[in-house]
Protein chains: 4
Amino acid sequence: MANSKYEYVKSFEQPDVLLPNTWIVIRIDGRGFHKLSDRYGFVKPNDRRALDLMNAAAVEVMKELPDLCLAYGISDEYSFAFHPSCQLFERRSAKLVTTIVSTFTAYYIYLWATYFPDTPLQPGGLPSFDGRAVMYPNSRIFRDYMSWRQVDCHINNLYNTTFWTMVQQGGMSNTDAEQELKGTVSSDKNEILFQRFGINYNNEEEIYKKGSVLYRQYQLEDAKPRSEFSKAEDEEDVPGAPASRSQQDKIRKLRRKAQVVVDHVDIIKDEFWERRPWILSGKPGKLPAEAK
Amino acid sequence: MANSKYEYVKSFEQPDVLLPNTWIVIRIDGRGFHKLSDRYGFVKPNDRRALDLMNAAAVEVMKELPDLCLAYGISDEYSFAFHPSCQLFERRSAKLVTTIVSTFTAYYIYLWATYFPDTPLQPGGLPSFDGRAVMYPNSRIFRDYMSWRQVDCHINNLYNTTFWTMVQQGGMSNTDAEQELKGTVSSDKNEILFQRFGINYNNEEEIYKKGSVLYRQYQLEDAKPRSEFSKAEDEEDVPGAPASRSQQDKIRKLRRKAQVVVDHVDIIKDEFWERRPWILSGKPGKLPAEAK
Amino acid sequence: MANSKYEYVKSFEQPDVLLPNTWIVIRIDGRGFHKLSDRYGFVKPNDRRALDLMNAAAVEVMKELPDLCLAYGISDEYSFAFHPSCQLFERRSAKLVTTIVSTFTAYYIYLWATYFPDTPLQPGGLPSFDGRAVMYPNSRIFRDYMSWRQVDCHINNLYNTTFWTMVQQGGMSNTDAEQELKGTVSSDKNEILFQRFGINYNNEEEIYKKGSVLYRQYQLEDAKPRSEFSKAEDEEDVPGAPASRSQQDKIRKLRRKAQVVVDHVDIIKDEFWERRPWILSGKPGKLPAEAK
Amino acid sequence: MANSKYEYVKSFEQPDVLLPNTWIVIRIDGRGFHKLSDRYGFVKPNDRRALDLMNAAAVEVMKELPDLCLAYGISDEYSFAFHPSCQLFERRSAKLVTTIVSTFTAYYIYLWATYFPDTPLQPGGLPSFDGRAVMYPNSRIFRDYMSWRQVDCHINNLYNTTFWTMVQQGGMSNTDAEQELKGTVSSDKNEILFQRFGINYNNEEEIYKKGSVLYRQYQLEDAKPRSEFSKAEDEEDVPGAPASRSQQDKIRKLRRKAQVVVDHVDIIKDEFWERRPWILSGKPGKLPAEAK
């Protein structure tokens, strides 16, 4: 081939395969969304349209990539998780992260008009996202990652809800509200909301307090006693050697059949994981009767 | 902060800073564009609308990221180049590659209707792109990379032009055309085009034969003798120590002022680079009189 | 500091921190030991002096680096294992692997004369070792690694024992022996040894059949039922968040007190690990009464 | 093969190939040499026996690895440089760095008795070294690295010479000497040495002031004007595509013929490099008449 003189440049491409048998989380973040939320008039502290658009885009990513077993979104950020047994794209980091970032962006732009019918996108200021891949060596640490994001959601949302209530309903300046909130703990903020504005934070919408959890829906299982659960999770369900290509294809096919649901629930406690063992096991569950 | 119990998971994020003082090329590729070009009825062998859309999206990427000094596109692939002196995002690989992939995707989807007014996008089949970052240690190897892509453009386009002419004008089946072209060299294909179909390949459009080169437009310089050029390129223009943040900002500002042009020219020979020394030097040139 | 003009070159040093909470195995191999064993007249198939020297050097490595929790040696190769909780040298890969390779080499050369009193080292042909670090995400895969090495030991030793018996006692040429062994399975080799030479392979020395296992000696525990064992291993004993520096120092001190023993036992079955739970847990056990 | 059940663990070994066409520097450092120099009674500020031993070990490393084109040593540290065209061990980082660290350590221990005939090594306190590999994308930056080390040598040696003279000849306590030197610049230290002790720092031995430079000796060339030199260095002598295996072997053979010399000269200015163009070009020069 006449091309050979220059083809040596391919040797500069370095491998970026992620360690086998680890959880892979791809977290994407909106680029410059602070400025962007002003430009497009996002409602404070939470713009329901913007969150629904994030979730809709994430659902499409889950549908296009059946290897994904969980996604969790808050604000302008989304975490997508691949099971340790995942072999997609031979676990090449850049391939995994760019595929998710690009697919998410495509749907976000495409679906924008559905969620913001009166606010057209402006060239020169299109939304975009960056992302990265991180490995977690076992289910417990993976769950700690997810807990970290949900705790962050809670902390940020309580702060933002209090801050914007003080500004919007209390007529305070941004600076004064910020000043007063400095150093406060959760109970202080709950108190401000309740005493001054009659707001019970517990009654706020779950999507704001808990974020959005996406997963494939199978028949829920009864919660199991902890010890049994741990054993199943760590020992039996994650074989060391990778599945064959045909096994992988079969599992992908089964996953495509399951519906992707958007939930706003606690993912810190065990119950969520115990009732949906297919997430940590990586093995598809039983389809609900109605979906068969 | 109440968050601390889970925050240790941040320690699993591994650094991915690219080696300083190397050229960074981000190459993105359309995902499944073979199938996608069927779905949306792309014209064979080259769909001008699709190429113009690729170029339009790439121009926007160049505008949003003034650190980019060159881009080169063929078919459903685009290479974006950062100069060795680039410090953008502290040269973090995932950040660079996802920002480009996402921005490109956003504009590709957003501008689709402009270039395909009669062919709306279909949910479930949105275009998306993957990408990767590669380092090249010096200008010569970087130019060899660019030459590699342009030679590839030539080889593919000559093949595709001949193949589709045999099918579309010659009434051959795909299999027969493929069979006849097996083992042929360039001159054979030129001959087939000329003898059977009266087509002089040299008269084909430059955008198909050369691909698309994007760069910032400054006043062209006279071509310099080779030895002088090399010295300037390798020795003086790429200082080892990084520029200060304020210098970087100043250079970015100057780059934003220059127009991004789309060209279809030879980038294998020296002339292109000698007349546009700002590309390899990383230093903005003089703005053309009319653009000031 | 006058040095600053050149100090920017430090920015080219790239981080190489290994993923937290994974097992780290440093495997070192003799460089050109085939040739070297000829030069120094190693006995075939196994030179006890050479193996004892390897083990003596490995014991010193274990003593100098209390963070090591296990080592396994066969032939001219040694695997050293750090527990997932290990924070030594901030888990920098090059630092860990070079420290072990250098310390091992130093003792190998220093102790040579003890084990080869009549065979002085020759300048221009000194023994040396290369090495690499590999991560294993959980205890099961780590044990599979160890099993892999011990199975390799068995396969190689059975082959070598049969081959050299055929040559040394059977008077066959190397080529003929190699030819006859091609395609044989274990039982064939056992048969050759027993039928032709009256050798029962099971009676060969354990150090040749099993390799050498090094670990710190604490009071052995009773073998536990499997389910309990797994739970302890995977769930409770490996906290996600790293230990504090003072905790690490305390553990190191306790480890230094334990004796490093050289054993030749099965490490594939559960029993070895169940009776020595401190290896997989990373927590020092109880010192034997006599050692207190 | 019966081994297959566990062999999957090999998939956890991750590639670590260094970027092609970059300079590779392996820098090794003595581990805990501050304490070690006390234990073995090293003379302050410079122990000539210890430096000669370092150099002797480094010469053996250069001899065993003909791919090395330069080494530079100061105190208990040594930098070994591979040319960008080097293909040794397919440029695998761990293999390169451990081979050098292990070979160096082996000779250091082996040759110890030659340089310290009256100070035997003590088990439990053997010298060892760690190391790391760093890439430098071009000759200018590689030279800046070398300059950095030599400037460091000068700064440290001037400080140490002054400090130990104040202590040993001036009878000051360590603390007092340290206190007085705090904040002083080079001229201050020169002044102290000259005024108080009649020592002209310029007359100190070159090995202490300049460190030790190791390279293969060919016929020196006349110093060339700078512009010509740069061109040769950066453009012609480092082809992008790698040399064939037989070319590499041929070059290695030629290199083995050249003598490795230990020099104590300035490597910051151009002259050293211009007169020994084979170092930056990677091409063996002409052997000196007497060595043929």
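The shown structure was predicted, so the numbers you read here are calculated from the model rather than taken from an experiment.

## Section: the packing of aromatic side chains
Scanning the entire structure with this criterion turns up 96 aromatic pairs over all chains. Measuring from centroid to centroid gives 6.1 Å for Y108(C) and W112(C), while their planes differ by 50 degrees, and the two rings are tilted. One end of the pair, Y108(C), and the other, W112(C), are both in helix 4 (residues 93-115), 4 residues apart, so they sit about a helical turn from each other. Of the residues examined, W112(C) reaches a relative accessible area of 2% and is grouped as buried. Pairing Y78(D) with F104(D) gives two aromatic rings, centres 6.1 Å apart and planes at 45 degrees, and the pair type is tilted. You can see Y78(D) sitting in strand 3 (residues 77-82) and its partner F104(D) sitting in helix 4 (residues 93-115), a full 26 residues away along the chain. With relative accessibility at 1%, the residue Y78(D) sits in the buried group.

## So, the relation of the copies chain B and chain A
Mapping chain B onto chain A calls for a rotation angle of 180 degrees and an axial translation of 0.0 Å; the resulting RMSD is 0.0 Å. Classification of the inter-copy transformation places it as that of a two-fold axis. Of the interface residues in chain B, 100% have counterparts in chain A that sit at the interface too, so the contact is made through matching surfaces.

## A word on the UniProt feature "binding site: Mg(2+) 1" (unreviewed entry) in chain A
Residues and elements named next belong to chain A. Residues given the UniProt feature "binding site: Mg(2+) 1" (unreviewed entry) here are D29, G30 and D76. The annotated residues occupy 48 residues of the chain but converge on a single region, no pair of C-alpha atoms lying more than 5.9 Å apart. By secondary structure assignment, the location of D29 is in strand 1 (residues 23-30). Once residues lying within four places of it in the same chain are set aside, the contact partners of D29 are D76, E77, S128, F129 and D130. Within the secondary structure, D76 sits in the loop between strand 2 (68-74) and strand 3 (77-82).

## Some points on the pattern of salt bridges
Applying the stated criterion to the full structure yields 75 salt bridges over all chains. Ionic pairing is found between D263(D) and R276(D), a salt bridge with its closest N-O pair at 4.0 Å. One end of the pair, D263(D), is in strand 6 (residues 259-263); the other, R276(D), is in the loop between helix 11 (271-275) and helix 12 (277-281), with 13 residues separating them in the sequence. Its relative accessible area of 11% is what places R276(D) among the buried residues. If you follow the salt bridges from partner to partner, you end up with E13(A), R27(B), D29(B) and R132(B) in one network.

## What to know about the pairing of strand 2 (residues 68-74) of chain B
Residues and elements named next belong to chain B. Among the 7 residues in strand 2, 7 count as buried, and that is most of the element. Bridge count between strand 2 and strand 3 (residues 77-82): 6 bridges; the pairing is antiparallel. The residue of strand 3 that forms the bridge with Y72 is S79. Between the antiparallel neighbours strand 2 and strand 3 lie 2 residues, among them S75 with a positive phi of about 50 degrees. Looking at chain direction, strand 2 and strand 5 (residues 212-217) are connected through 3 bridges and run antiparallel.

## Structural notes on the interface of chain A and chain D
Contacts between the two partners involve 13 residues from chain A and, on the opposite side, 13 residues from chain D. Between chain A and chain D, the buried area comes to about 990 Å², and carbon and sulfur atoms account for 71% of it. Across the chain A-chain D interface, the total number found is 0 salt bridges. On inspection of chain A and its partner chain D, the count reaches 2 residue pairs in polar contact (both at pLDDT 80 or more).

## Details of the side chain of D130(A)
Its location among the elements puts D130(A) in strand 4 (residues 129-136). A polar side-chain atom of D130(A) sits 2.6 Å from a polar atom in the side chain of K95(B). Ignoring any residue separated from it by four or fewer positions in sequence, one finds D130(A) in contact with R27(A), I28(A), D29(A), R31(A), V101(A), K95(B), T98(B) and T99(B).

## What about the interface of chain B and chain A?
Contacts between the two partners involve 53 residues from chain B and, on the opposite side, 53 residues from chain A. Summed over both sides, the interface of chain B with chain A buries roughly 4,500 Å², with 61% coming from carbon and sulfur. One can count 6 salt bridges joining chain B with chain A. R132(A) is paired through a salt bridge with E13(B); the nearest N and O atoms lie 3.4 Å apart. Between chain B and chain A we count 20 residue pairs in polar contact (both at pLDDT 80 or more) in total. At the level of elements, helix 1 (4-7), helix 4 (93-115), strand 4 (129-136) and helix 5 (139-168) of chain B are the ones that each hand at least two residues to the side of chain B that touches chain A. At 13 residues, helix 4 of chain B tops the list of elements feeding residues into the side of chain B that touches chain A.

Procedures and definitions
Residues numbered from 1 in each chain as written. Chains lettered and ligands numbered in written order. Predicted model: local features only at pLDDT ≥ 70, side-chain atom pairs only at ≥ 80, totals over all residues. Heavy atoms only, no water. Phe/Tyr/Trp six-rings, centres within 6.5 Å; stacked < 30°, edge-to-face > 60°. Helix = DSSP H or I, 4+ residues; strand = E, 2+ residues; numbered from the N terminus. Buried < 20%, exposed > 50% of the residue type's maximum accessible area, 1.4 Å probe, protein only. Least-squares fit on C-alpha atoms with pLDDT ≥ 70 in both. Contact = heavy atoms within 4.5 Å. UniProt positions renumbered as here; feature names shortened; annotations may be inferred. Salt bridge = Lys/Arg side-chain N within 4 Å of Asp/Glu carboxyl O. Pairing = 2+ DSSP bridges. Buried area = accessible area lost by both parts, 1.4 Å probe. Polar contact = N/O pair within 3.5 Å; in protein donor to acceptor, adjacent residues only side chain to side chain.

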